[in-house]
Amino acid sequence: MSKEERKRIYNLVYKNNIMQVHYSYIKVFLVIQAIVFSCLSVHSQALDPYLQGLIQKGINKNHSLKVNGYSEEQAKVEQHLAKATFIPKVTLNGSYTRLNDDITFDQNTEDLLMATQKLLIKEALGLSFNSPFPDGIELQEPENLQNKNILKSSVDVDWVLFSGFEVTNAIKASKHKATSLNYLGLAEKDKIAIQIITAYDQLALVYASEKVLTSSENYLKEQELFVKKAIKNGLATPLERKKIELAQQRLKGKQIDYQNKKNVLIEQLFQLTGEDRVQLAQMVPQLEYQQLSEELPAEKRNEIKALEETEMALHYKAKKEKSHAVPKIAAKGHYEFLEDDLSLLDPQWYVGVGIKWNIFDGTQTYLKAKKTELERMKYRAKKEEAEEMIALSIVNAQGNYDSKVQSVNIVNKEVELAQETYNLVNKQYKNNLVTINEVLDALTDLEQVKFKQQEAIYQQRRALIDLLHAKGILRY
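Residues numbered from 1 in each chain as written. Predicted model: local features only at pLDDT ≥ 70, side-chain atom pairs only at ≥ 80, totals over all residues. Heavy atoms only, no water.

1. Considerations on unusual backbone geometry
Piece 1. Phi angles above zero are rare outside glycine, and Phe165 is one such case at about 65°.
Piece 2. Take Phe165: it is sitting in the loop between β2 (149-162) and α5 (166-232).
Piece 3. Unlike most non-glycine residues, Thr363 shows phi in positive territory, near 65°.
Piece 4. Residue placement: Thr363 occurs in the loop between β4 (349-356) and α9 (364-430).
Piece 5. Given a relative accessible area of 39%, Thr363 falls into the partly exposed group. (Helix = DSSP H or I, 4+ residues; strand = E, 2+ residues; numbered from the N terminus. Buried < 20%, exposed > 50% of the residue type's maximum accessible area, 1.4 Å probe, protein only.)

Next comes the structure, spelled out in C-alpha cells:
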C-alpha cells in the first residue's frame, strides 16, 4: 500500500474520530446545562446527619423565624394581660397640698356653734337657760373644715368582678392567634429546609458534572496524543490539532463556570446556615435515589392550620367587641393612713361595688364587630382557595412523581446497557479486535449515561419533595 493510500485511509478514520469527539463533547454539556440550575429537595430518610445539622442551623439563624417567634410570644403575653384584668389592682397614693387659707365655717355657723357649746356647759353645771355664763371657763373654737396644709397617704384597691365576657373572648382570640403564628413558623421552617436541601443537592450535581468533565478532559488528552503522533508521521495536518485545542479551551471554560457555580452554592449555604465556608467546601454531597414504599396519606398543611386559627382568632375578637355592650361589674376600696389632715367630710375608708353599662355608643360596637367579622370571612375564603390549590397540587405532584420514577427505571436500563457495551469493547480491545479510541468512546458514553442517571435521580428527588410537601408530610 502506498503512502498516499495509507494517509487517505488514516484521514477517513481520524476525521470520523474527530466528529465523535465533538459529538460526545456536545452531548456532555447539553446534559449538564439542562439540569444544573434546577431545584431539589428530598425526604428526611435520605438526609445524612450533616445535612440535618445544616437545616437546624439554618432554622436557628433565620431572621424571619425569629420575628415570627417574637410575634408568637407577644400573642401569649396578650393572653396573660387579658387574664390580669381580673387580678385586683392595688395603688399607693401620697400627696401634699397647701391651700391659701384654712377652710372654716361661716361666721353665723360659728356663732351658733359657740352658743350651743355655752348651753351645753350651763346644762352640765345645773344652771338655767337664762343664767349668765360662768367666768373662768374656756370655750373650744370650732375645728376647721379643712386645714390649709394637707398631707395624705392612702391605698386604693380596684377589682374587676365581671367584664361582660370581654376578657374571656380576648383570651381565646389571643390563644388562637398564637397558635396561628406557630403554624406559620412551621410552614416557614419547611421553606428554609427546602432551600438548604436544594443548594446541598445542587452542589452534589455539580460534583457529578465535574466527574463527566474530567472524563471528557482525559478523552481529549488521548485524542491529542493520537493527533500529535499522526502529525509526526505525516498522516495528519495541524488543523486537526487546532480542533482538539479548541475543544480543550471550551472544556476549560466549562470547568471554570462550574467551579464558579460550586463557589456560589457554598456561599449560599453559608448565608442560609452560617456554617463555616471551609467545612462546606470539604463536604462531598451525594445524590441517592429514594422511592416511597407505599402511598402515604395526606395531612392538613401548616398553612391551612394557620388560616383556620386566624379565622377562629377573628371570631373571638368579634365576640369580644360585641361584649362591649354587656354590663361590667367592679369593686373598689379606699383607705387613708393619715387621719390628721382629713377634712371633717372625708371618710377614712370605704368599699363599694359598681356597675357600668354602655347603653348606646353611636353604633361603634356594632360596626367594629361587623368589620372584624368581614375580616374573618376573608380568611375563610382564603382557606377554601388554599385547600383547592393544595388538592390540585397533590394530584399534579403525584403524577410528576410517578413519571420521574419511571424515568429513573429507564435510565437504569441505559446504564446497564452502556456498562455491558463498555465491558464488551474493553474485552475486544484486550484481544486486539478494536482500537483504543473505541474503548474511550464506550467509556465516555458510560460516563454520560451515568450522569444522566444522576439527573434522573435529581428530578425524582425533586418530585418526591414536591409530593411530600404538597401532602403536608415533609419531615426533616
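Still more to cover.
2. Examining the side chain of Lys471
Piece 1. Position of Lys471 among the secondary structure elements: in helix α10 (residues 436-471).
Piece 2. With no salt bridge to any partner, buried Lys471 finds its closest opposite charge in Glu295, at an N-O distance of 4.2 Å.
Piece 3. Once residues within four sequence positions are removed from consideration, Lys471 is found in contact with Glu295, Leu296, Ala298, Glu299, Ile394 and Gln398. (Lys, Arg positive; Asp, Glu negative; His and termini not counted. Salt bridge = Lys/Arg side-chain N within 4 Å of Asp/Glu carboxyl O. Contact = heavy atoms within 4.5 Å.)

3. Considering the pattern of salt bridges
Piece 1. Tallied over the full model, the rule gives 18 salt bridges.
Piece 2. With a closest N to O distance of 2.7 Å, Glu311 and Arg380 form a salt bridge. With Glu311 in helix α8 (residues 302-322) and Arg380 in helix α9, this pair connects stretches of sequence that are 69 residues apart.
Piece 3. The buried category is assigned to Glu311, whose relative accessible area is 7%.
Piece 4. Judged by relative accessible area, which is 31%, Arg380 ranks as partly exposed.
Piece 5. Salt bridges sharing partners connect three or more residues here, namely Glu311, Glu373, Arg376, Arg380 and Lys383.

4. Regarding the sheet that holds strand β1 (residues 89-98)
Piece 1. Strand order in this open sheet of four strands is β1-β2-β3-β4, and the pairing throughout is antiparallel. Strand pairing shows two members of the sheet lacking a second neighbour, β1 and β4, which therefore form its edges. This sheet shows a mean twist of 20° between the axes of neighbouring strands, independent of strand direction.
Piece 2. As judged from the 10 bridges shared by β1 and β2, these two strands associate in the antiparallel manner. Considered in β2, the bridge of Val90 is made with Val157. (Pairing = 2+ DSSP bridges. Axes fitted to C-alpha atoms, helices over the stretch in contact; angles between N-to-C directions.)

5. Brief notes about the packing of aromatic side chains
Piece 1. By the definition in use, this model includes two aromatic pairs.
Piece 2. Between the aromatic rings of Phe162 and Phe165, the centroid separation amounts to 5.3 Å while the plane-to-plane angle is 85°, which identifies the pairing as edge-to-face.
Piece 3. Classification of Phe162 by relative accessible area gives partly exposed; the value is 29%.
Piece 4. Residues Tyr335 and Phe337 carry aromatic rings whose centres are separated by 5.5 Å and whose planes lie at 75° to one another, so their mutual orientation is edge-to-face.
Piece 5. Taking relative accessible area as the criterion, Tyr335 reaches 34% and is therefore assigned partly exposed.
Piece 6. Across from the ring centre of Phe270, 3.7 Å away, lies the NZ or CZ of Arg277, which sits over that ring.
Piece 7. Over the aromatic face of Tyr379 sits the side chain of Lys382, whose NZ or CZ is 4.8 Å from the ring centroid. (Phe/Tyr/Trp six-rings, centres within 6.5 Å; stacked < 30°, edge-to-face > 60°. Lys NZ or Arg CZ within 6 Å of the ring centre and 35° of its normal.)

6. What to know about a positive patch on the surface
Piece 1. Taken together, the side chains of Lys172, Lys319, Lys322 and Lys370 present a region of like positive charge at the surface.
Piece 2. Residue placement: Lys172 occurs in helix α5. (Patch = residues over 30% accessible without salt bridge, like charges linked within 9 Å, V, L, I, M, F, W, Y side chains within 5 Å. Areas by Shrake-Rupley, 256 points an atom, 1.4 Å probe, with all protein chains shown as cover. Charge placed at Lys NZ, Arg CZ, Asp CG, Glu CD.)

7. Section: a negative patch on the surface
Piece 1. On the surface, a cluster of negative charge is contributed by Glu384, Glu385, Glu387 and Glu388.
Piece 2. Structurally, Glu388 can be placed in helix α9.
Piece 3. The exposure class of Glu388 is exposed, given its relative accessible area of 58%.

8. Here we look at the pairing of β4
Piece 1. When you tally the buried positions in β4, you get zero out of eight residues, a small fraction of the element.
Piece 2. Two elements, strand β3 (residues 328-336) and β4, share eight bridges in a ladder whose sense is antiparallel. The residue of β4 that forms the bridge with Ala330 is Gly354.

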